Structures are given as structure tokens and as C-alpha cells.
Amino acid sequence: MAEVRIDCMYETCPIPLLKALKQLEKMNIGDILILETDHSCAVTNIIEWAKKQQYNVDYTELNEGEWEIYIEKVK
Amino acid sequence: MSSSKIEELKKRRQKENKAKSSQIPYAAIFTVVAIVIYGVFLKINLKYSTFWIIGLLIGFTIQRSRFCFTASFRDPILVGNTSVLKAIIIAFIIMTIGFALVQYIFVGDSEIFDIYNIPGQIHPVGIHTAIGAIIFGIGMVISGGCASGTLMRIGEGFILQIVVLVGFIVGTLLGARQYEFWDKLFISKSPTVYIPQYIGLPIAMIGQIVILILLYFFVDWYDRKNNLMMM
């Protein structure tokens, strides 16, 4: 199981989602993608998308205004 | 939906990042400043004090609900999600009822419609509307925010949008400066359409609500049907 971290700080929608999509394509099943962002809209945006794709997904606010989104590639 | 792997990772990351700087003091300072500004407006201009409160409430609502006009029109095409678009359609339904009431109070039972003085944004419609909409649509997707979204995110502390704000101000000033030119070229030649003039206010309102409800169901169906950008 690998963890891949991508930096989406200061990126506006929909760049974080597109970056996540490209990265997930390269990853193996079971790997976890960690996406760092400071854009609160990206959090809702990506989580809604990931849920629709039926990926395991969760997020946490590490510092105020800085989130990490975790997406597990399940298929 | 979360899995044990993600839970573990989340706990580990939270442990690594214990030091959280609290922003509550800033919130307290800004609340005090907002109340002081309200007090000043009460003294010098009563109208502004109402606008101030309404503005604060709109800002708060947009921030908490993540209401984003850009996302509402971008996400259906980009990823096939229409949850924000559905929210906008509901807002339109509420607004239709509200504005119908306001305009009914203004117009009353009279048959003559003084369309230039009716409350609301009733403007000439023509080719300039479509061209402007396309330019604005391209711009808002590139910059990641429309006017309200940009202002809300600056307030939230998202630095990138300050660049957008500069462009936004430049564009608004240019627009105000050159408005007369465009007005002569397109706007004054276009007709002003006010549907209640032809079919009456109640029917116009009901018709608009029916169309919006149909749109809502269409958009809901589109969401379930489309799963774009999947792998």
C-alpha cells in the first residue's frame, strides 16, 4: 500500500480535482492519495465526486484553512 | 464513506499536526468592528445600515453553504454533479415568488405596466446578453469564481482570488467607462421583454415556477444518469 501526496495549495477549482484524477489513474488499487488544499470548495467538490465514483474518501482540517483529503483507490 | 485504512491515516496525520493556531480572537475582533460599523451607519445613513446587515447575512450564508455559481454551471459539464445547480434552481423558485409579490404590490391591478420603474432587473435582451454570458462564463471558470464567490473566498483567506479581484475591478471600471458605446451599439436597439405585460403577473409567475420545477427534475435525472470523468 502506497501513499501518494499531491500539493494543491493555492489552486482553485477545478484544478485539485483534475490533479487528483490524473494521479489516481497512475496509482494501484489499495493505494491512498493524500491531497493537500487550502480551498474549502475543493473539499466539497472532490468529496462529492469521489463518493459518486464509490471511492473510500475522508478529509480532515489539519490547520485552520488547510485540509487534507484522503482517497483510497478501490477499483 | 471511509475505510479503516483512511481512518488510521487520518488519526496519524492529526497526531503529527497538533499545533493549531486559533483564529477565534480574529473572529471576535471582526465581530466588534462589524457592530461598530453598523452603529456608525445608524448615525449617518439608515439605508446603509440595512444594506450592511443584509450583506453580512448573504456573505455568511454563501460561505457556510459553499454556494458557488461557478460550480453550479461547471460541475454538471465537468463531472456530472448537479447538487449546486439544484440549489440554484430552488433559489430561483423562491426568488420568483418573492419578486412576483414585490412587483404585484407595485403594479397592483392596473393594466398599464410601467416596465422601466418596476422593481427588479428588467433590461433589454439581445445578442449582447448572449455574448456577455459566454465571455463571463469562460472568465469565471478560469478564475474559479464569480463575483460573490470571489469576494467570499477572499474573506475566507484564499489568496489566489485577490488576483481575480484586481481583474474584476479593472473590468467593472472599464465597463462603466465604455457603457455608453455598447449601449448605442447594441443595448438601446434591443427590446425589453417583460412577460407579465402579455399574460398577466400571476400566470407569468406560475409558468416560470412550472418551468423551473421541470428543470429541477431534468437536472436531477441528469445527475443520476451521468457519471462523467470516471475511470
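So, how was this worked out
- Residues numbered from 1 in each chain as written.
- Chains lettered and ligands numbered in written order.
- Predicted model: local features only at pLDDT ≥ 70, side-chain atom pairs only at ≥ 80, totals over all residues.
- Heavy atoms only, no water.
- Domains from an automatic or database assignment.
- Pairing = 2+ DSSP bridges.
- Helix = DSSP H or I, 4+ residues; strand = E, 2+ residues; numbered from the N terminus.
- Axes fitted to C-alpha atoms, helices over the stretch in contact; angles between N-to-C directions.
- Contact = heavy atoms within 4.5 Å.
- Buried < 20%, exposed > 50% of the residue type's maximum accessible area, 1.4 Å probe, protein only.
- Parallel < 35°, antiparallel > 145°, perpendicular 65-115°, else oblique.
- Left-handed = near helix turned anticlockwise from the far one by under 90°.
- Nonpolar A, V, L, I, M, F, W, Y, C, P; charged D, E, K, R; others polar.

S.K.: I'd like to hear about the domain arrangement of chain B, residue by residue, with values.
M.R.: What the domain assignment reports for chain B is domain 1 (1-65) and domain 2 (67-230). If you average the C-alpha positions of domain 1 of chain B and of domain 2 of chain B, the two centres end up 27 Å apart.

S.K.: Could you give me a rundown of the sheet that holds strand E4 (residues 66-72) of chain A, with the residues and numbers involved?
M.R.: Ordered in space as E1-E2-E4-E3 (chain A), the 4 strands form an open sheet in which the pairing is mixed. The sheet terminates laterally at strand E1 (3-8) and strand E3 (56-63) of chain A, the two strands that pair on one side only. Strand-to-strand, the axes of this sheet are offset by a mean angle of 20°, without reference to chain direction. Two elements, E3(A) and E4(A), share 7 bridges in a ladder whose sense is antiparallel. In the sheet register, A:Val57 faces E4(A), and the bridge partner there is A:Ile71. Docked against the sheet, helix H2 (residues 40-52) of chain A engages strand E2 (32-37), E3 and E4 of chain A, running at close to 10° with respect to E4(A). Where helix H1 (residues 4-16) of chain B meets the sheet, it contacts E1, E2, E3 and E4 of chain A, and its direction lies at approximately 5° from that of E3(A).

S.K.: A description of the pairing of E4(A) should follow, citing residues and the corresponding values.
M.R.: The buried fraction of E4(A) amounts to 6 of the 7 residues, a majority that puts the element mostly inside the structure. Between the antiparallel neighbours E3(A) and E4(A) lie 2 residues, among them A:Gly65 with a positive phi of about 85°.

S.K.: A description of the packing of helix H1 (residues 15-26) of chain A against H2(A) should follow, citing residues and the corresponding values.
M.R.: Residues and elements named next belong to chain A. One can describe the packing of H1 onto H2 by two numbers: an axis separation of 9 Å at closest approach and a directional angle of 40°. Accordingly, the angle class assigned to the pair H1 and H2 is oblique. Read as a crossing pair, H1 and H2 show a hand that is right-handed. When H1 is examined against H2, the residues Pro16, Leu17, Leu21 and Leu24 are found in contact with a partner set consisting of Ala42, Asn45, Ile46 and Trp49. Partitioning the contact of H1 with H2 into residue classes produces 7 nonpolar, 1 polar and no charged.

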